[in-house]
Amino acid sequence: MARNKHPEETVHLILDVAFRLFIEKGYENTSIQDIIDNLGGLSKGAIYHHFKSKEELLIAVTDRMTSESNQMLAVIRDRSDLTGKEKLKTIFRESINRPVQDDIFTVAPDFHNNPKLLFSLLHDTIENAAPNYILPIIQQGISDGSIKTDYPKQLAELILLAANVWMNPMIFDSSEEESYCKFMVFRQMMQGFGLDIADSEMLERLQELASIYQKNKQ
């Protein structure tokens, strides 16, 4: 058999197909054969050459979903012209306004049918995003006086879980009205920490995404 001269293209194709099927059918209901049937002629060996199992494919899909977001977090974390508090607000504004968000909410993935995908995203939030990106920002904010907390690690986790999970319309099937209520509670909670980082522009964007999701969900 001829050597694959474009292994990166093959990996991208496999991940594209796996992601689409995981979203459409659910991880548990997607088999390796389903993925093969949608690869345009690639063999089972092509998949197992790059991924030893479906579980490994799920990890790679999750990594790709979070890598772009984490790159954005790293850029903001490393800026020297903002206080810790300003960095948190910048992260919220840029995260919610990323154009890819429209695509994700239009696809309207059913996370109830994807518990392993949801768990992978939660695991990345707690084990990677919170300690590596949000915690250093909070620690900077404590140093520069813009953030006051005795529990920076737990606050970093709370902020991300509330923003990425609890307020995510796709996870709890939230309407525009419910999204509004959750946002207001989140804003009040952040203000309790002296963090006025959630504004009306973010609220309008969250409601817009909730509307996109509700219109396109199956």
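Residues numbered from 1 in each chain as written. Predicted model: local features only at pLDDT ≥ 70, side-chain atom pairs only at ≥ 80, totals over all residues. Heavy atoms only, no water.

## A short note on the overall build of the protein chain
Basically, it comes down to this: Only DSSP runs of H or I reaching four residues or more are called helices, and only runs of E reaching two or more are called strands; each is numbered from the N terminus. Partly exposed residues are those whose accessible area sits between 20% and 50% of the maximum for their type, while under 20% is buried and over 50% is exposed, using a 1.4 Å probe and protein chains only. By definition, residues are in contact when any of their heavy atoms lie within 4.5 Å. Surface accessibility in these figures is a Shrake-Rupley result with a 1.4 Å probe; residues are shielded only by whichever protein chains are displayed. Counted as positive: Lys and Arg. Counted as negative: Asp and Glu. His and the chain ends are not counted at all. Positions of charges follow a simple convention, taking NZ of Lys, CZ of Arg, CG of Asp or CD of Glu.
Each helix and strand counted, the protein chain has 11 helices and 0 strands in total. Counting from the amino terminus, helix and strand elements in the protein chain follow one another as α-α-α-α-α-α-α-α-α-α-α. Seen through its principal axes, the protein chain has C-alpha atoms that stretch 65 × 35 × 25 Å. Looking at the protein chain residue by residue over its 218 residues, the buried ones come to 46%. The contacts in the protein chain between residues at least 6 apart in sequence include a share of 68% that link residues at least 24 apart. Accessible area for the protein chain stands at about 11700 Å²; split by element, carbon and sulfur atoms hold 52% of it. Mean positive and mean negative side-chain charge positions of the protein chain (23 and 32 charges, respectively) differ by 3 Å.

## Quick word on the environment of Gly 26
Note that Gly 26 resides in the loop between α1 (7–25) and α2 (32–37). Among the residues examined, Gly 26 registers a relative accessible area of 0% and is labelled buried. C-alpha separation for the pair Gly 26 and Ser 80, spaced 54 residues apart in sequence, amounts to 42 Å. Apart from residues no more than four positions distant in its own chain, Gly 26 is found in contact with Leu 21, Asn 113 and Asn 114.

## A word on a nonpolar patch on the surface
Rules: Exposure above 30% relative accessible area and the lack of any salt bridge qualify a residue for a patch; like charges then connect within 9 Å, and the nonpolar side chains Val, Leu, Ile, Met, Phe, Trp and Tyr within 5 Å. Salt bridge criterion: a side-chain nitrogen from Lys or Arg within 4 Å of a carboxyl oxygen from Asp or Glu.
Taken together, Trp 166, Phe 172 and Val 185 make up a surface patch of nonpolar side chains, about 280 Å² in accessible area. Considering the arrangement of structural elements, one finds Phe 172 in helix α9 (residues 169–172).

## Remarks on the pattern of salt bridges
Counted by the stated rule, this structure contains 7 salt bridges. Of the charged contacts, one joins Glu 55 and Lys 116 as a salt bridge, the two residues approaching to 3.4 Å between their closest N and O atoms. Placement of Glu 55 in helix α4 (residues 54–77) and of Lys 116 in helix α7 (residues 115–144) is noted, with a sequence separation of 61 residues between them. The partly exposed category is assigned to Lys 116, whose relative accessible area is 33%. Notably, a salt bridge pairs Lys 89 with Asp 199, separated by 3.9 Å at the nearest N-O pair. Here Lys 89, found in helix α5 (residues 84–97), pairs with Asp 199, found in the loop between α10 (176–192) and α11 (200–216); they are 110 residues apart in sequence, far enough to count as distant. Under the relative-accessibility criterion, Lys 89 is labelled partly exposed at 28%.

## Section: the nonpolar core
The cut-off we apply is this: Throughout, nonpolar core names a set of buried Ala, Val, Leu, Ile, Met, Phe, Trp, Tyr and Cys residues whose side chains join them through atoms within 4.5 Å.
In terms of nonpolar packing, the biggest core is built from 62 residues, with Leu 57 and Leu 88 touching the most fellow members. Sort the elements by how many residues they give to this core and α7 lands first, with 10 residues. Ignoring anything within four residues of it in the chain, the contact list for Leu 57 reads Ile 14, Leu 15, Ala 18, Ile 32, Ile 35, Ile 47 and Phe 51.

## A look at the packing of α4 against α7
This is how it is decided: For helices, the fitted line uses only the C-alpha atoms of the stretch in contact; every axis is such a line through C-alpha atoms, and the angle between N-to-C directions lies from 0 to 180 degrees. What sets the label is the angle itself: under 35 degrees gives roughly parallel, over 145 gives roughly antiparallel, 65 to 115 gives roughly perpendicular, and the rest give oblique. Two helices crossing with the near one rotated counterclockwise from the far one by less than a right angle form a left-handed crossing, whereas a clockwise rotation gives a right-handed crossing.
It is at 10 Å that the axes of α4 and α7 come closest, and there the two elements cross at 25°. In this view, α4 runs roughly parallel relative to α7, as classed from their interaxial angle. Judged by the twist between their axes, the crossing of α4 over α7 is right-handed. Contacts between α4 and α7 involve Glu 55, Leu 58, Thr 62, Met 65, Thr 66, Asn 70, Leu 73, Ala 74 and Arg 77 from the former and Lys 116, Leu 117, Ser 120, Leu 121, Asp 124, Asn 128, Ala 129, Asn 132, Tyr 133, Ile 134, Pro 136 and Ile 137 from the latter.

## Focus: α5
How we decide: How far a helix is expected to stretch is found by multiplying one less than its residue total by 1.5 Å.
For α5, which comprises 14 residues, the first-to-last C-alpha distance of 20 Å matches the rise-based estimate of 20 Å (1.5 Å per residue) to within 8%. Within α5, burial applies to Gly 84, Lys 87, Leu 88, Thr 90, Ile 91, Phe 92, Ser 95 and Ile 96.

## Topic: empty space enclosed by the protein
Rolled over the atoms, a probe with the dimensions of a water molecule shows which regions are left empty. The criterion, for reference: In the cavity and pocket records, a cavity denotes points on a 1 Å grid over the protein atoms alone where a 1.4 Å probe fits but cannot get out, a pocket denotes an open set with protein on both sides within 12 Å along at least 5 of 7 lines, and lining residues are residues with an atom within 4 Å of a point. Grid points are joined across faces, edges and corners, and a volume is the space filled by probe spheres set on the points.
Counted according to the given criterion, the structure contains 1 cavity of 30 Å³ or more. Counted as a void, the largest cavity has a volume near 30 Å³. Forming the boundary of the largest cavity are Arg 93, Ile 96, Asn 97, Asp 199, Glu 201, Met 202 and Arg 205. Going through the elements one at a time, α5 and α11 are the ones with two or more residues in the lining of the largest cavity.

## A word on the confidence of the model for the protein chain
The criterion, for reference: Confidence scores here are pLDDT values: one per residue, from the predictor, ranging 0 to 100.
Per-residue confidence for the protein chain gives a mean pLDDT of 86; residues scoring 70 or more make up 92%. Across the protein chain, helix α8 (residues 152–166) holds the top mean pLDDT of 93, while helix α6 (residues 100–107) sits lowest at 67.

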